[in-house]
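A closer look at the structure
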Amino acid sequence: MLNADHIRKDFPILSRQVNGKPLVYFDNAATSQTPQQVIDVIVDYYSNYNANIHRGVHTLSQEATDKYEAARNTIQKHFNAKHNYEIILTAGTTESINLVAQGFTSLLKEGDEIIVSALEHHSNIVPWQMLCERTGAVLKVIPMNLEGELIMEAYNALLSDRTKLVFVNHISNALGTINPIEYIIEKAHAVGAAVLIDGAQSCPHIKPDVQALDVDFYVASAHKMCGPTGVGLLYGKEEWLNKLPPYQGGGEMIDQVSFEKTTYAGLPHKFEAGTPNICGGIAFGAAVDYMNAIGFEAIATYENELLAYGTQRLLEIEGLKIYGTSANKTSVISFNLEGIHPYDVGTLLDKMGIAVRTGHHCTQPIMDFFKIPGTVRASFSFYNTKAEIDALVEGVKKAKMMLS
Ligand code: PMP
């Protein structure tokens, strides 16, 4: 049984005040907070063994390399990749998607089709539109229903032997919907298409098994799961990573360089040009360890309780509408008050020390679908409490009174 009051002590930021009120942090879907255990790893790196990796014979470089590669192994185990060289450390989800989209330029031709879903973050739309511009491939969209669920009959109708790639998020950042990715992967493979799953929102809630999923690419960001910003992962099946050309040229990613011809390093270095975010990679490993020590089952059980409680309490407020009502969702509540702009609600909540996100959440097509400018999004983590949800509900009631 998870004890949030105890866990909160790991997060120094949670004891600060904002605008004279105790901070209530409900913007976890944008970025999660960082526990002292991960902060300590960052301080230790810069205090004791800051050095460039992979090429130094000196002790500091060796220590940094060992810790960086140990983090890669930790991440490999967590996502259950078959090989550690299938884990590419990137700047985050956005870079991982761009790496794959760029790589597919030489693999697609005019008339090929690629499939996205109506529930995607802009970072899982725009790189693929750019890929279509480069190649003449056609982008198809899996539609959604009013509950914020993808319509699988429509997906099946889109699949054909022209389909080369399907890319869908595991969990929607705007609505919290958990997508049926097992089904999506199986159906895509049946027509010979590859699948990329955007795990930016699932990584703090679910421990994915990339081998059991049989997914071709899985991407995520450390900062969504208690790690630092500027680092993330691209998991790719070995055969796919070998098929894709390098993303960027530079140091680290080469085997031999001459002015006549350069040969590339093997995996994972082929995709890791230049000095990486060394400290970030090591801290990503520490964040994965931290979350596993708490346990993903305990996290899911607790967050589902918060979701049920928050949904019930917020719906007590007359004129409040929740967007994303699937029975299959994580602890994200996107809502609006009738006749009131979400930005105004968010601004007033901030005055009360409550951090929520307002706007389109980088998902303008979802907002267009619901014909709204945006929502107020409260996203809960395992370190949040029911008392904080009560504070949110009181805050929203006050905001409603002031803005009506
Ligand atoms: N996909 C989804 C579903 C997300 O929620 C986010 C972050 N909001 C991203 C992609 C992009 O992640 P990052 O900004 O860390 O690259």
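As recorded in an unreviewed UniProt entry, the chain goes by Cysteine desulfurase and comes from Bizionia paragorgiae. Taken from UniProt, the Function (unreviewed entry) comment for the chain reads in full: "Catalyzes the removal of elemental sulfur and selenium atoms from L-cysteine, L-cystine, L-selenocysteine, and L-selenocystine to produce L-alanine." Its UniProt record gives the chain the following Cofactor (unreviewed entry) comment, quoted word for word: "pyridoxal 5'-phosphate".

1. Considering the sheet that holds strand 17 (residues 375–379)
Strand pairs in the sheet, formed through backbone hydrogen bonds, run parallel or antiparallel to each other. One open sheet accounts for four strands, arranged 13-14-17-16; its pairing is antiparallel. Edge positions in the sheet fall to strand 13 (320–323) and strand 16 (357–359), since each has one partner strand and no second. In this sheet, adjacent strand axes meet at a mean angle of 30 degrees when their direction is disregarded. Strand direction decides the pairing type here: strand 14 (residues 332–337) and strand 17, joined by four bridges, are antiparallel. Within the sheet, the bridge partner assigned to isoleucine 333 lies in strand 17 and is alanine 378. Of the strands in this sheet, strand 14, strand 16 and strand 17 touch helix 12 (residues 342–351), which is tilted by about 45 degrees from strand 17.

2. Quick notes on the nonpolar core
Grouped together as the largest cluster of nonpolar side chains are 99 residues, with contacts concentrated most on Val166 and Phe382. Top contributing element to this core by residue count: helix 10 (residues 278–294), with ten residues. Inspection of this core shows a minimum of three residues originating in each of domain 1 (4–30 + 295–403) and domain 2 (39–292). Beyond its immediate chain neighbours, meaning those up to four positions away, valine 166 contacts Ile115, Tyr155, Leu159, Ile184, Ala188, Ala193, Ala194, Val195 and Leu196. One finds Val100, Ala101, Val116 and Trp240 within the second-largest nonpolar core, a separate group that totals 26 residues.

3. Section: the pairing of strand 14
Most of strand 14 sits inside the fold, with six of its six residues counted as buried. The side-chain alternation of strand 14 yields two buried faces, one formed by Val332, Ser334 and Asn336 and the other by Ile333, Phe335 and Leu337. Sheet analysis places strand 13 next to strand 14, joined by four bridges and oriented antiparallel. Paired with leucine 320 across the two strands is leucine 337, which belongs to strand 14.

4. So, the pairing of strand 9 (residues 217–221)
Successive residues of a regular strand alternate their side chains across the two faces of the sheet. Summarising burial for strand 9: five of the five residues are buried, a large majority. Here strand 9 shows no split at all, with Phe217, Val219 and Ser221 on one side and Tyr218 and Ala220 on the other all buried. Both strand 8 (residues 194–198) and strand 9 contribute to a ladder of three bridges, which runs parallel. What sits directly across from isoleucine 197, in strand 9, is tyrosine 218. Two elements, strand 9 and strand 10 (residues 232–236), share five bridges in a ladder whose sense is antiparallel. The partner of alanine 220 across the bridge, within strand 10, is leucine 233.

5. Focus on the packing of aromatic side chains
One pass over the full model with this rule turns up 14 aromatic pairs. Seen from their ring centres, phenylalanine 79 and tyrosine 218 are 6.0 Å apart, and the 50 degrees between their planes marks the pair as tilted. Of the two residues, phenylalanine 79 sits in helix 3 (residues 59–79) while tyrosine 218 sits in strand 9, which places them 139 residues apart along the sequence. Of the residues examined, phenylalanine 79 reaches a relative accessible area of 0% and is grouped as buried. By relative accessible area, which is 1% here, tyrosine 218 ends up buried. Ring pairs connect the aromatic residues Phe11, Tyr290, Phe382 and Tyr383, which therefore count as one cluster.

6. Digging into the site of the ligand
All residues adjacent to the ligand are Thr93, Thr94, His121, Ser123, Asn173, Asp198, Ala200, Gln201, Ser221, His223 and Lys224. Taking 390 Å² as the accessible area of the ligand by itself, protein coverage stands at 85%. Among the residues forming the shell around the ligand, the class breakdown is one nonpolar, eight polar and two charged.

7. Notes on a nonpolar patch on the surface
A cluster of nonpolar side chains, contributed by Met401, Met402 and Leu403, occupies part of the molecular surface with about 340 Å² of accessible area. When you line up the elements, methionine 401 lands in helix 14 (residues 386–403). A relative accessible area of 66% means that methionine 401 is categorised as exposed.

8. Examining the side chain of aspartate 112
Summarising the element assignment, aspartate 112 is placed in the loop between helix 4 (93–103) and strand 5 (113–117). With a relative accessible area of 5%, aspartate 112 lands in the buried category. Setting aside chain neighbours within four positions, we find aspartate 112 in contact with Leu107, Ala137, Val138, Arg162 and Lys164.

9. Brief notes about the pattern of salt bridges
Using the criterion set out here, one finds 13 salt bridges in the structure. Here aspartate 214 and lysine 237 are joined by a salt bridge, their closest N and O atoms 2.9 Å apart. Here the residue aspartate 214 occupies a position in the loop between helix 8 (210–213) and strand 9, and lysine 237 occupies one in the loop between strand 10 and helix 9 (238–243), the gap between them amounting to 23 residues. According to the relative accessible area criterion, aspartate 214 is partly exposed, its value standing at 36%. For lysine 237, a relative accessible area of 15% translates into the label buried. Among the charged side chains, a network of salt bridges with common partners joins Asp27, Arg357 and Arg377.

Conventions and cut-offs
Residues numbered from 1 in each chain as written. Predicted model: local features only at pLDDT ≥ 70, side-chain atom pairs only at ≥ 80, totals over all residues. Heavy atoms only, no water. UniProt positions renumbered as here; feature names shortened; annotations may be inferred. Pairing = 2+ DSSP bridges. Helix = DSSP H or I, 4+ residues; strand = E, 2+ residues; numbered from the N terminus. Axes fitted to C-alpha atoms, helices over the stretch in contact; angles between N-to-C directions. Contact = heavy atoms within 4.5 Å. Core = buried A, V, L, I, M, F, W, Y, C linked by side-chain atoms within 4.5 Å. Buried < 20%, exposed > 50% of the residue type's maximum accessible area, 1.4 Å probe, protein only. Domains from an automatic or database assignment. Phe/Tyr/Trp six-rings, centres within 6.5 Å; stacked < 30°, edge-to-face > 60°. Near = heavy atom within 4 Å. Areas by Shrake-Rupley, 256 points an atom, 1.4 Å probe, with all protein chains shown as cover. Nonpolar A, V, L, I, M, F, W, Y, C, P; charged D, E, K, R; others polar. Patch = residues over 30% accessible without salt bridge, like charges linked within 9 Å, V, L, I, M, F, W, Y side chains within 5 Å. Salt bridge = Lys/Arg side-chain N within 4 Å of Asp/Glu carboxyl O.

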